[in-house]
Amino acid sequence: MKHISIFCIFFLSALFTGCIREDLEPCNTFLYFSYLGDENREIFPDKIGKVNLYVYNVNDALVEAITLEQHDLSARRGIELNLPDGLYKVVCWGNSYVDTQINNPSARGLASVAAPRYFTGETISTNDSLYVGIKDIEIDTSRSSEDTIYFSSAHIKMQIEVLGTGTLKLTKNENIPFRIEVGNLSSTVNFNKNFSEERTSYLPSVSSNEEMTGYTSRFNVLRFEDENDIMVSLKDNDSQATLYTLNLQQFMKEYGISVHGKNEVLVGIRFRFNGMAITVVPWNEENIKPGIGNMPI
């Protein structure tokens, strides 16, 4: 009877602490991943297919780095951490593929994320559809625990259409007569989701549409605010002349476009050549189809 009482006390203790430890092994902490977008519904599996997870101690030194691929996230949307007791900060980046480089992750204060071409001094064309989740956690190995890391968007989708080309000859993709330059964009984002004040320019890829009536460019940039100094320019590839420059802040204000407080944002711009003039209007949502061509989800 005495042995039974001791077992019952142990079982109840394990029940209330959240785990039964074998051979006095520590209990674990499970972190769930969540992304609710803008409609307060779970869309993590639809938007994020890879997670780079970094765990830092109170000195901001890296103690663990884990990469979870699509098959890992399909098996379970989260991860179990086995770490000593203590306070930690977890930083997760979603969708770090070929158009993302995570630099200096060993020290959180020095870490940054940008398009790989930024670090080599080359021209940037796009970013991945990048998401970030940051969470402070406390690990107590005497009990099991669960927590959730909520992701938010670190990118903005842009889609630019150029219809008619005036005196510029409409050609196939290999001989496009103009280029698009988007200037004064943040070059990097750090592990606190702060976007750099250093500015850079993007030269996104451009392709002719199937009807050969114009050109389309779909790309991602790091997030910006409604108040910005971003300029979108069309430039003649032969003469290098600037055909048109758009002040994005003024354009957004004029047409009631806002990115503030929104995760899933697509800024669509349509340039139309009318003889020697160019008119600029926003694309209507029904005409914008995210995911087409080289546009990440």
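For the structure itself, look to the data block above.
Throughout this description, residue numbers start from 1 for each chain and increase along the sequence as written. The predicted nature of this model means local features are confined to residues of pLDDT at least 70 and side-chain atom pairs, given and counted, to a pLDDT of 80 or more, with totals for whole chains, interfaces and linings taken over all residues. Excluding hydrogens and water, the side-chain values take into account all heavy atoms of the structure.

**Student:** Even after reading the chapter, I still don't get the overall build of the chain, so can you show me in this structure?
**Tutor:** Along the backbone of the chain there are 5 helices and 19 strands. Of all 297 residues assigned to the chain, the portion counted as buried reaches 44%. Working rule for contacts: check all heavy atoms of both residues, and any pair within 4.5 Å makes them a contact. Of all intrachain contacts in the chain linking residues separated by at least 6 positions in sequence, the fraction that spans at least 24 positions is 68%. The method behind every accessible area is Shrake-Rupley, applied with a 1.4 Å probe, and residues are considered shielded solely by the protein chains displayed. Counting only carbon and sulfur atoms, one obtains 49% of the accessible surface of the chain, whose full area is about 15,700 Å². Runs of H or I in DSSP of at least four residues are treated as helices and runs of E of at least two as strands, each being numbered from the N terminus. Only protein chains enter the area calculation, which uses a 1.4 Å probe; residues under 20% of their type maximum are buried, those over 50% are exposed, and those in between are partly exposed.

**Student:** Before we go on, may I ask you to explain the sheet that holds strand β14 (residues 207–208) in this structure?
**Tutor:** Think of a sheet as strands paired side by side through backbone hydrogen bonds, with each pair either parallel or antiparallel. Paired strands, in this sense, are two strands between which DSSP finds at least two bridges. With respect to topology, 5 strands assemble into an open sheet ordered β14-β15-β10-β18-β19, the strand pairing being mixed. Each edge of the open sheet carries a strand with a single partner, namely β14 and β19 (277–282). Both strand β18 (residues 266–274) and β19 contribute to a ladder of 6 bridges, which runs antiparallel. Across the sheet, asparagine 274 pairs through a bridge with alanine 277, a residue of β19.

**Student:** Quick question: what am I supposed to make of the packing of aromatic side chains here?
**Tutor:** Within 6.5 Å between ring centres, the rings of Phe, Tyr and Trp (the latter by its six-membered ring) count as paired, and their orientation is classed by plane angle as stacked under 30 degrees, edge-to-face over 60, tilted in between. Within this structure, the stated rule accounts for 12 aromatic pairs. With centroids separated by 5.8 Å and ring planes inclined at 90°, the aromatic side chains of phenylalanine 33 and phenylalanine 151 adopt a geometry described as edge-to-face. With a gap of 118 residues between them, phenylalanine 33 in strand β1 (residues 29–34) and phenylalanine 151 in strand β9 (residues 145–153) connect regions that are remote in the sequence. Judged by relative accessible area, which is 5%, phenylalanine 151 ranks as buried. Through a chain of ring-to-ring contacts, the aromatic side chains of Tyr54, Tyr56, Trp93 and Phe191 assemble into a single cluster.

**Student:** Teacher, can you tell me more about the pattern of salt bridges here?
**Tutor:** Close approach of charged atoms allows side chains of opposite charge to pair. By definition, a salt bridge exists where a carboxyl oxygen of Asp or Glu is found within 4 Å of a side-chain nitrogen of Lys or Arg. Inspection of every chain in the model, using the stated rule, returns 12 salt bridges. With a shortest N-O distance of 3.5 Å, lysine 47 and glutamate 264 are connected by a salt bridge. Within this pair, whereas lysine 47 is found in helix α2 (residues 44–47), its partner glutamate 264 is found in the loop between α5 (248–254) and β18, the two being separated by 217 residues in sequence. The closest approach of N and O atoms between glutamate 181 and lysine 235, which form a salt bridge, is 3.2 Å. Of this pair, glutamate 181 sits in strand β11 (residues 178–186) while lysine 235 sits in strand β16 (residues 231–236), and the two are 54 residues apart along the sequence. Neither residue differs from the other here; glutamate 181 and lysine 235 are each classed as buried.

**Student:** Would you mind showing me how to read unusual backbone geometry here?
**Tutor:** Excluding glycine, residues mostly carry a negative phi; peptide bonds, for their part, are mostly trans. Backbone geometry at asparagine 95 places phi at a positive 70°, although glycine is not the residue there. Secondary-structure assignment places asparagine 95 in the loop between β5 (86–94) and β6 (101–103). Judged by its relative accessible area of 4%, asparagine 95 is buried.

**Student:** Quick question: what am I supposed to make of the sheet that holds β11 here?
**Tutor:** Strand order in the open sheet made by the 4 strands is β13-β11-β16-β17, with antiparallel pairing throughout. Where the open sheet ends on each side, the last strands, each with one partner, are β13 (199–202) and β17 (242–247). Going across the sheet, the axis of each strand differs from the next one's by a mean of 20°, ignoring polarity. With 3 bridges connecting them, β11 and β13 associate as antiparallel partners. What sits directly across from leucine 185, in β13, is threonine 200. Fitting a line to C-alpha atoms yields each axis, with helices limited to the stretch in contact; the angle taken between N-to-C directions then spans 0 to 180 degrees.

**Student:** When you look at the nonpolar core in this model, what are you seeing that I'm missing?
**Tutor:** As a rule of thumb, nonpolar side chains are buried together in soluble globular proteins. Residues belong to one nonpolar core when they are buried, are Ala, Val, Leu, Ile, Met, Phe, Trp, Tyr or Cys, and are joined through side-chain atoms within 4.5 Å. In this structure, Trp93, Phe224, Ile269 and Phe271 are the most contacted members of the largest nonpolar core, which totals 45 residues. By size, the runner-up hydrophobic cluster in this structure holds 23 residues, among which are Tyr35, Val55, Tyr88 and Cys92.

**Student:** Sorry if this is basic, but what is going on with the side chain of asparagine 127 here?
**Tutor:** You can see asparagine 127 is positioned in the loop between α4 (116–120) and β8 (131–139). Within the structure, the side chain of asparagine 127 is placed 2.4 Å from the side chain of tyrosine 202, a separation counted as a polar contact. Any pair of N or O atoms that falls within 3.5 Å is considered a polar contact. Within protein, one atom must be able to donate a hydrogen and the other to accept it, and sequence-neighbouring residues count only if both atoms are side-chain atoms.

**Student:** I would appreciate a short explanation of the side chain of serine 152 in the present structure.
**Tutor:** If you trace the backbone, serine 152 turns up in strand β9. A polar contact is formed between the side chain of serine 152 and the side chain of lysine 193, at a distance of 2.8 Å. Beyond its immediate sequence surroundings of up to four residues, serine 152 is in contact with Tyr35, Tyr131, Val132, Lys193 and Asn263.

**Student:** What is the right way to read the environment of valine 63 from this model?
**Tutor:** Counting through the fold element by element, valine 63 comes out in strand β3 (residues 62–68). Between the C-alpha atom of valine 63 and that of leucine 83, which follows or precedes it by 20 residues, the distance is 8.9 Å. Those residues in contact with valine 63 that lie beyond four places of it in its chain are Val55, Tyr56, Asn57 and Tyr88.

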